[in-house]
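Geometric and topological summary
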Amino acid sequence: MKTIGYAARSAASPLAPFDVTRRELRPNDVAMEVLYCGVCHTDLHQARNDWGWSQYPMVPGHEIVGRVTAVGRDVRRYKAGDHVAVGCMVDSCQACDQCRKGLEQLCRKGNVQTYNDKERFSCEPAEPTYGGYSKHLVVREEFALRVPDGLDLAKVAPLLCAGITTYSPLRTWNVGPGSRVGVVGLGGLGHMAVKLAAALGADVTVMSRTADKQADALALGADRLLVSSDAEAMARAANGFDLIIDTVPVRHDINPYLSLLDVDATLVLVGQVGPLAEPSTVPLLLGRRRIAGSPIGGIAETQEMLDFCAKKGVHPDVEMIRMDEINDAFLRLERADVRYRFVIDMASLVPAQAG
Ligand code: NAP
Ligand code: ZN
């Protein structure tokens, strides 16, 4: 099936219209019309080849919401007209211990990413994957999520990455009423961490570089904002947290956050990919503190998160953009000038733009 999208042709070129071919439906495939796609900082990293493994042309986008247009003959869960969502993965081996536990993000053979990857498991030769900055998508049934009634379709998309990436560590570290949670960086992931932690009943502190987002932090559900560049305020907050989720997208010093952890507490890194500035072992040893990492979440946990958000009325704060505004949105994302997630209205992508 021929469709259209927006692609990066190289690390240096702006995104531009691109013709995309989607595979013919296999028996377990779902075809969808993409209605909205969120803009994750990962899209910017990958388009610019910040991590060194980008393949071009690249159609980014892994926060995808749409409507089912057709299903393969063996599909039982979905029918045409249903609202479905796709996140960062479109396949995994489905057979290893991690996949069988519902932890497809930790598949022993590596999951297949929604874009900038190859369809390793079910396709010979391996075809490149293209993401949600496109009008249509085909995905195997197991990697399509059901959008629960009660969620605003125009705001759901960011839950598929920013939502699950912060929900998963909150659940892994058993956050609930009374938990003291810190969130470093108030961007796309950070604002979802605040909303989700607050909805789970935690006491939430935003750790931001300046006080500029103070009012926003409180409006999002945080109890306070701690200015991370204020050494005295940071010293006063020592030993005060059970879990800190660090969403900063670039190399940075995590040492100031380690002393904020209580005994046995954890700093979980979800933002930066690559080497950190040197962490000191002193606060780790003295406080039996921990540093951890966490990638997105499994399919079952993603569905749980969507259902949780529907039940609790948790929606991302979005700024809707047109497809042809994406390059400007990337520039603004780089400057942390978004409150708090860009979402592309895919109705704005019309065939005349493709090339
Ligand atoms: P974002 O919307 O750009 O937000 C990042 C926030 O970090 C900013 O709002 C800013 O908050 C802070 N920040 C930005 N530059 C900084 C700097 N130089 N030093 C310190 N703080 C800085 O990005 P996002 O979409 O939330 O993504 C964040 C990171 O998570 C990206 O690297 C992305 O690739 C990664 N990610 C990981 C996973 C995973 O599975 N682990 C999933 C999705 C995304 P303040 O202004 O409040 O300081
Ligand atoms: Zn993402």
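Relevant structure appears above.
Just so it is clear, the model here is predicted, and its values are computed rather than measured.

Cut-offs used in this document
Residues numbered from 1 in each chain as written. Chains lettered and ligands numbered in written order. Predicted model: local features only at pLDDT ≥ 70, side-chain atom pairs only at ≥ 80, totals over all residues. Heavy atoms only, no water. Helix = DSSP H or I, 4+ residues; strand = E, 2+ residues; numbered from the N terminus. Buried < 20%, exposed > 50% of the residue type's maximum accessible area, 1.4 Å probe, protein only. Contact = heavy atoms within 4.5 Å. Areas by Shrake-Rupley, 256 points an atom, 1.4 Å probe, with all protein chains shown as cover. Pairing = 2+ DSSP bridges. Axes fitted to C-alpha atoms, helices over the stretch in contact; angles between N-to-C directions. Polar contact = N/O pair within 3.5 Å; in protein donor to acceptor, adjacent residues only side chain to side chain. Disulfide = S-S within 2.5 Å. Phe/Tyr/Trp six-rings, centres within 6.5 Å; stacked < 30°, edge-to-face > 60°. Near = heavy atom within 4 Å. 1 Å grid on protein atoms, 1.4 Å probe; cavity = no way out; pocket = protein on both sides within 12 Å on 5 of 7 lines; lining within 4 Å. Points joined across faces, edges and corners; volume = space filled by probe spheres on them. Nonpolar A, V, L, I, M, F, W, Y, C, P; charged D, E, K, R; others polar. Expected span 1.5 Å × (residues − 1). Patch = residues over 30% accessible without salt bridge, like charges linked within 9 Å, V, L, I, M, F, W, Y side chains within 5 Å. Salt bridge = Lys/Arg side-chain N within 4 Å of Asp/Glu carboxyl O. Parallel < 35°, antiparallel > 145°, perpendicular 65-115°, else oblique. Left-handed = near helix turned anticlockwise from the far one by under 90°.

**A short note on the overall build of the chain**
A tally of regular secondary structure across the chain gives 11 helices and 17 strands. C-alpha extents for the chain along the principal axes are approximately 60 × 40 × 35 Å. Looking at the chain as a whole, 55% of its 355 residues are labelled buried. Residue pairs at least 24 apart in sequence account for 67% of intrachain contacts in the chain once pairs closer than 6 positions are excluded. For the chain, the accessible surface area stands at approximately 14700 Å², while carbon and sulfur atoms represent 51% of it.

**Re the sheet that holds strand S12 (residues 224–227)**
The strand order S12-S11-S10-S13-S14-S15 describes an open sheet built from 6 strands, whose pairing is parallel. Of all the strands in the sheet, the pair left with one neighbour each is S12 and strand S15 (290–293). For this sheet, the mean angle separating the axes of adjacent strands, direction not counted, is 25°. Here strand S10 (residues 180–184) pairs with strand S13 (residues 241–246) via 4 bridges, running parallel.

**Some words on the environment of Arg-22**
Mapped onto the elements, Arg-22 comes out in the loop between strand S2 (16–21) and strand S3 (29–39). Residues Arg-22 and Thr-302, spaced 280 residues apart in sequence, show a C-alpha to C-alpha distance of 25 Å. Not counting residues up to four positions away in its chain, the partners in contact with Arg-22 are Met-1, Thr-3, Tyr-130, Gly-131, Ser-134, His-136, Leu-137 and Val-138. A polar atom in the side chain of Arg-22 sits 3.0 Å from the backbone oxygen of Gly-131. Polar side-chain contacts of Arg-22 include one of 2.8 Å to the side chain of Ser-134.

**With respect to the environment of Phe-18**
Positionally, Phe-18 belongs in strand S2. Classification of Phe-18 by relative accessible area gives buried; the value is 12%. Between the C-alpha atom of Phe-18 and that of Ala-7, which follows or precedes it by 11 residues, the distance is 5.8 Å.

**Here we look at the state of the cysteines**
Tallying each qualifying case throughout the model produces 0 disulfides. Unpaired in this structure, Cys-37 has its nearest cysteine sulfur neighbour in Cys-40, at a distance of 9.8 Å. For the unlinked cysteine Cys-88, the closest cysteine sulfur is that of Cys-161, found at 3.7 Å.

**Notes on the packing of aromatic side chains**
Enumeration over the complete set of coordinates arrives at 3 aromatic pairs. Their ring planes at 40° and their centres at 5.6 Å tell us that Trp-51 and Trp-53 sit as a pair that is tilted. With a centroid separation of 5.7 Å and an interplanar angle of 45°, the aromatic rings of Tyr-167 and Phe-308 are classed as tilted. On the criterion of sequence distance, the pair formed by Tyr-167 in helix H4 (residues 162–172) and Phe-308 in helix H10 (residues 299–312) is long-range, its members being 141 residues apart.

**Focus on the site of ligand 1**
Not every one of the 27 residues close to ligand 1 is listed here, only the nearest: His-41, Thr-42, Ser-208, Lys-213 and Arg-341. One nitrogen or oxygen atom from the main chain of Gly-187 is found 3.4 Å from an oxygen atom belonging to ligand 1. Separating an oxygen atom of ligand 1 from a side-chain N or O atom of Arg-341 is a distance of 2.6 Å. Burial of ligand 1 by the protein amounts to 87% of the accessible area it has alone, namely 930 Å².

**Thoughts on the layout of surface pockets**
Its volume calculated, the second largest pocket comes out at about 260 Å³. Lining the second largest pocket we find 15 residues, and of these Thr-21, Arg-22, Arg-23, Glu-119 and Pro-128 sit closest to its centre. Take the lining of the second largest pocket: its biggest share by element is 3 residues, from strand S8 (residues 136–140). Residues belonging to the lining of the second largest pocket are distributed by class as follows: 7 nonpolar, 3 polar and 5 charged.

**A closer look at H10**
Compared with an ideal rise of 1.5 Å per residue, which puts 14 residues at 20 Å, H10 spans 20 Å between its outermost C-alpha atoms and is within 8% of the ideal. When H10 is considered as a whole, its buried residues turn out to be Ile-299, Glu-301, Thr-302, Gln-303, Met-305, Leu-306, Phe-308 and Cys-309. Residues of H10 that are buried make contact with strand S6 (89–91), strand S9 (145–146), helix H3 (153–156), H4 and helix H5 (188–199). Phi turns positive, to about 70°, at Gly-313, one or two residues after H10.

**A closer look at a nonpolar patch on the surface**
A cluster of nonpolar residues, Val-282, Leu-285 and Leu-286, forms a patch on the protein surface that exposes about 360 Å² of accessible area. Mapping Val-282 onto the fold places it in helix H9 (residues 282–287). What makes Val-282 partly exposed here is its relative accessible area of 47%.

**Topic: the packing of H4 against H5**
The contact between H4 and H5 brings their axes to 8 Å, and the two run at 50°. By the angle class used here, H4 and H5 are oblique. Here the hand of the crossing between H4 and H5 comes out right-handed. Facing Ala-162, Gly-163, Thr-165, Thr-166, Tyr-167 and Leu-170 of H4, the residues of H5 in contact are Gly-188, Leu-189, Met-192, Ala-193, Leu-196 and Ala-197.

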